[in-house]
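Summary of the model geometry
One letter stands for each residue in the lines below.
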Amino acid sequence: MRFLELKVPPVALFILVFVASYFSAQHLSVGAIVLPYKIIVLVIGIALSGVVGLSGIWEFRKQETTVNPIKVETASAVVDSGIFGYTRNPMYLGLFILLFCLGYFFQNLFSVLLSFVFVIYMNQFQIKPEERALEQLFGAEYVDYKQKVRRWI
């Protein structure tokens, strides 16, 4: 399945999972659940995912390196400042938070579980290949960074 590595842009995958999540909520009554405070969770999730994701983009822009997740080889620096001191993948974390909170809002177990499918796919086909490429580009500097900062949180 290596042919999927770095092929599906994370935003496209986000949209695909969101559509599947919405479809599940609308058509699979077997997964229906009742969870409290769905509006509050959604609002907090939107705000948190925005802060986390945009903080990652901001740090990449400050370091003048690429935010293009498909062309990892064009990276010009290991970014370890700001939010990257807490998570190696803030943009992906922001997308996960949003998917999870949308699934919660949809009040559907399958919708919530799909957010974790996003994480599994991202780990296997996006993040691991990115990490291999970054290790080749930056060597020990990136390996040290990986040892200090967790992949997600």
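Here, the structure is the one placed above.
So, a few notes on the structure that sits alongside this text. Since this is a predicted model, take the numbers as computed values, not measurements. All residue numbers here refer to positions counted from 1 along the written sequence of the relevant chain. A pLDDT threshold of at least 70 governs which residues receive local features in this predicted model, and a stricter bar of 80 or more applies before side-chain atom pairs are shown or counted, although totals over entire chains, interfaces and linings include all residues. Heavy atoms from the whole structure form the basis of all side-chain values; hydrogens and water molecules are not counted.

What to know about the packing of helix α3 (residues 90-106) against helix α4 (residues 109-138)
- Lines fitted to the C-alpha atoms define the axes, with helices restricted to the stretch that makes contact. Angles between their N-to-C directions range from 0 to 180 degrees. Strands are runs of DSSP state E lasting at least two residues, helices are runs of H or I lasting at least four, and both sets are numbered from the N terminus onward. One way to put it is that α3 packs onto α4 with a least axis distance of 8 Å and a crossing angle of 165 degrees. Relative to α4, α3 is oriented roughly antiparallel. In this structure, the crossing between α3 and α4 has a hand that is right-handed. Across from Tyr92, Leu95, Phe96, Leu99, Phe100, Gly103, Tyr104 and Phe106 in α3, the residues of α4 making contact are Ser111, Val112, Ser115, Phe116, Phe118, Val119, Met122, Gln126, Ile127 and Glu130.
- Of the residues in the contact of α3 with α4, the class split is 13 nonpolar, four polar and one charged. Between 65 and 115 degrees an angle is taken as roughly perpendicular, under 35 as roughly parallel, over 145 as roughly antiparallel, and anywhere else as oblique. Rotating anticlockwise by less than a right angle from the far helix to the near helix defines a left-handed crossing, while the corresponding clockwise rotation defines a right-handed one. By definition, residues are in contact when any of their heavy atoms lie within 4.5 Å. Put simply, Ala, Val, Leu, Ile, Met, Phe, Trp, Tyr, Cys and Pro go in the nonpolar bin, Asp, Glu, Lys and Arg in the charged bin, and everything else, Gly too, in the polar bin.

Focus: the packing of aromatic side chains
- Each pair of aromatic rings taken from Phe, Tyr and Trp, with Trp reduced to its six-membered ring, is defined by centres within 6.5 Å and is described as stacked if the planes are under 30 degrees apart, edge-to-face if over 60, and tilted in the remaining cases. A complete count under the given rule lists 10 aromatic pairs for this structure.
- Seen from their ring centres, phenylalanine 96 and tryptophan 152 are 6.5 Å apart, and the 70 degrees between their planes marks the pair as edge-to-face. Here tryptophan 152 lies in the segment after α5 (140-148) and phenylalanine 96 lies in helix α3, a separation of 56 residues in the sequence. The same class applies to phenylalanine 96 as to tryptophan 152, namely buried.
- Residues tyrosine 121 and phenylalanine 125 carry aromatic rings whose centres are separated by 4.8 Å and whose planes lie at 45 degrees to one another, so their mutual orientation is tilted. The cut-offs for exposure are 20% and 50% of the maximum accessible area for each residue type, with area from a 1.4 Å probe on protein chains only; residues under the lower value are buried, those over the upper are exposed, and the others partly exposed.

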